[in-house]
Amino acid sequence: MKKCPKCGALMEKNVNFCTKCGADLRNVDLGQETKQTNIEPAKVETAPVEEVQTQIPSTGRFQHYWQWLVESWQKPAQNNLSTESWYGWGTILVEGLLFILGLYFLAKALITGAIGLASSFGVSTRGWGNYDLSFNIVFRVFIIILVFEAIIILAHFAAYKFVYNGHPNLFAFVNTSTHASNLNLILTAIFFLLMLLGLNSIRFSLFLILLMIVIFFIGQEVTLLAHEGAVRDKVYGMLIAFGIIFVCTIIVNSIIYNSVLRVIINEFMSGINGAM
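Parameters at a glance
Residues numbered from 1 in each chain as written. Predicted model: local features only at pLDDT ≥ 70, side-chain atom pairs only at ≥ 80, totals over all residues. Heavy atoms only, no water. Buried < 20%, exposed > 50% of the residue type's maximum accessible area, 1.4 Å probe, protein only. Helix = DSSP H or I, 4+ residues; strand = E, 2+ residues; numbered from the N terminus. Polar contact = N/O pair within 3.5 Å; in protein donor to acceptor, adjacent residues only side chain to side chain. Lys, Arg positive; Asp, Glu negative; His and termini not counted. Salt bridge = Lys/Arg side-chain N within 4 Å of Asp/Glu carboxyl O. Contact = heavy atoms within 4.5 Å. Expected span 1.5 Å × (residues − 1). Axes fitted to C-alpha atoms, helices over the stretch in contact; angles between N-to-C directions. Parallel < 35°, antiparallel > 145°, perpendicular 65-115°, else oblique. Nonpolar A, V, L, I, M, F, W, Y, C, P; charged D, E, K, R; others polar. Phe/Tyr/Trp six-rings, centres within 6.5 Å; stacked < 30°, edge-to-face > 60°. Lys NZ or Arg CZ within 6 Å of the ring centre and 35° of its normal. Left-handed = near helix turned anticlockwise from the far one by under 90°. Patch = residues over 30% accessible without salt bridge, like charges linked within 9 Å, V, L, I, M, F, W, Y side chains within 5 Å. Areas by Shrake-Rupley, 256 points an atom, 1.4 Å probe, with all protein chains shown as cover.

Colleague: With reference to specific residues and values, describe helix H4 (residues 170–180).
Modeller: Among the eleven residues of H4, nine are classified as buried, and the element is accordingly described as predominantly covered. Regarding H4, the residues found buried are Ala172, Phe173, Val174, Asn175, Thr176, Ser177, Thr178, His179 and Ala180. The residue sitting at the N-terminus of H4 and contributing the capping side-chain oxygen is Asn169; that oxygen lies 2.9 Å from the backbone nitrogen of Phe171.

What follows is the structure, given as structure tokens:
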């Protein structure tokens, strides 16, 4: 065990920064072990989302973030390390970028396959090989994905406030839910690399995408249901979350269909026509 020289808190030997005050523990002596007799071990619980975010020393910021990632992969439901406010949103952004880039390479492979299939049926595909997806299409799809992720997160955040009748910190809530679903960072990296290398099996790609969606929802549900001290029934909290998601999805879908999707389809068709 390590003892923080600043606040006196006891930390595991592999922890480099105090989870109470953020002090650097990398040079603390490990020689002294704290002896505890006839003391019941404390239960490890997920940190409440009301927790105030800690300012990590800039010299060990990336290392601490990496420790947070490793902990999330080993114990997704136990967020015991101190965090900064950007951990959750930053991870979601990286996952979104990897995912949309993977979709880009997948779409290119599908278009190439479709051209080959059309050619095998005798359809003239002269000039189609020059078609390429425009950056505008990729960027718009990326924004759509982020919007729907934000809707799901904010819906569960509102449900959390309803169930626990408190004043949770939004950034802490996102950090906790992202911690519980951080396996998606590995899956999106695998998805991107497979698509980049051309190993784009449609069935396996769809399986990965479905698995990432399921894990993302699991992270939200774990954050909503894992804590004690609920003032209202958690089932109603879940119903509220899915009700908000349903209503917002209908509204956003109508906006996207009437504007964004039409633009994407028009750009796609104009790109094909320009390539012919």
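There is more to say after this.
Colleague: I'd like a rundown of the side chain of Glu95, residues and numbers included.
Modeller: By secondary structure assignment, the location of Glu95 is in helix H2 (residues 86–120). Of the side chains bearing the opposite charge, Arg61 lies closest to the buried Glu95, which forms no salt bridge; the N-O distance is 19 Å. Those residues in contact with Glu95 that sit more than four places away from it in its chain are Ser181, Asn182, Asn184, Leu185 and Thr188.

Colleague: Can you lay out helix H3 (residues 135–164) for me, pointing to particular residues and giving the numbers?
Modeller: In this model, H3 (30 residues) spans 43 Å end to end at C-alpha, consistent with the 44 Å of a helix rising 1.5 Å per residue. At the exit of H3 stands Asn165, carrying a positive phi of roughly 50 degrees.

Colleague: Quick one: what's the story with the packing of helix H1 (residues 61–74) against H4, residue by residue and with numbers?
Modeller: Relative to each other, H1 and H4 sit at 55 degrees, their axes nearing to 8 Å. Between H1 and H4, the crossing angle belongs to the class labelled oblique. Contacts between H1 and H4 involve Trp68, Glu71 and Ser72 from the first element and Asn175, Thr178 and His179 from the second. Here the residues of the contact of H1 with H4 are counted per class, giving one nonpolar, four polar and one charged.

Colleague: Any details on the packing of aromatic side chains? Residues and values, ideally.
Modeller: In the structure shown here, the tally under the stated rule is 15 aromatic pairs. With centroids separated by 5.1 Å and ring planes inclined at 65 degrees, the aromatic side chains of Tyr65 and Tyr87 adopt a geometry described as edge-to-face. Of this pair, Tyr65 sits in helix H1 while Tyr87 is found in helix H2, placing the two residues 22 residues apart along the sequence. Like Tyr65, the residue Tyr87 is buried in the burial classification. For Arg232, the ring lying beneath its charged end belongs to Phe162, and the centroid distance is 4.8 Å.

Colleague: I'd like a rundown of the environment of Ala9, residues and numbers included.
Modeller: The topology assignment puts Ala9 in the loop between strand E1 (2–3) and strand E2 (10–11). By relative accessible area, which is 15% here, Ala9 ends up buried.

Colleague: A description of the packing of H3 against H4 should follow, citing residues and the corresponding values.
Modeller: At a minimum axis distance of 11 Å, the contact between H3 and H4 shows a crossing angle of 110 degrees. Taken together, the axes of H3 and H4 are roughly perpendicular relative to one another. Note on packing geometry: the crossing formed by H3 with H4 is right-handed. Of the residues in H4, those in contact with Ile153, Leu154, His156, Phe157 and Tyr160 of H3 are Leu170, Phe173 and Val174. Residues belonging to the contact of H3 with H4 are distributed by class as follows: seven nonpolar, one polar and no charged.

Colleague: Pulling in residues and values, what's your account of a nonpolar patch on the surface?
Modeller: A cluster of nonpolar side chains, namely Phe246, Val247, Ile250, Ile251 and Ile255, defines an oily patch on the protein surface of about 490 Å² accessible area. For Val247, the location among the structural elements is in helix H7 (residues 234–275).

Colleague: Help me get a handle on the environment of Met212, residues and values and all.
Modeller: Relative to the helices and strands, Met212 is located in helix H6 (residues 202–225). Taking relative accessible area as the criterion, Met212 reaches 7% and is therefore assigned buried. Along the primary structure Met212 and Asn184 are separated by 28 residues, whereas in three dimensions their C-alpha atoms are 5.7 Å apart. The contacts of Met212, once residues within four sequence positions are left out, are Phe99, Asn184, Leu187, Thr188 and Phe191.

Colleague: Break down unusual backbone geometry for me, citing the residues and quoting the values.
Modeller: A positive phi angle is found at Asn165, which is not glycine, with a value near 50 degrees. Relative to the helices and strands, Asn165 resides in the loop between H3 and H4.

Colleague: Report on the pattern of salt bridges, specifying residues and quantitative values.
Modeller: The full count for this structure, using the stated rule, is one salt bridge. Residues Arg61 and Glu84 are paired through a salt bridge, measuring 3.0 Å at the closest nitrogen-oxygen approach. Here Glu84 lies in the loop between H1 and H2 and Arg61 lies in helix H1, a separation of 23 residues in the sequence. Classification of Glu84 by relative accessible area gives buried; the value is 5%.

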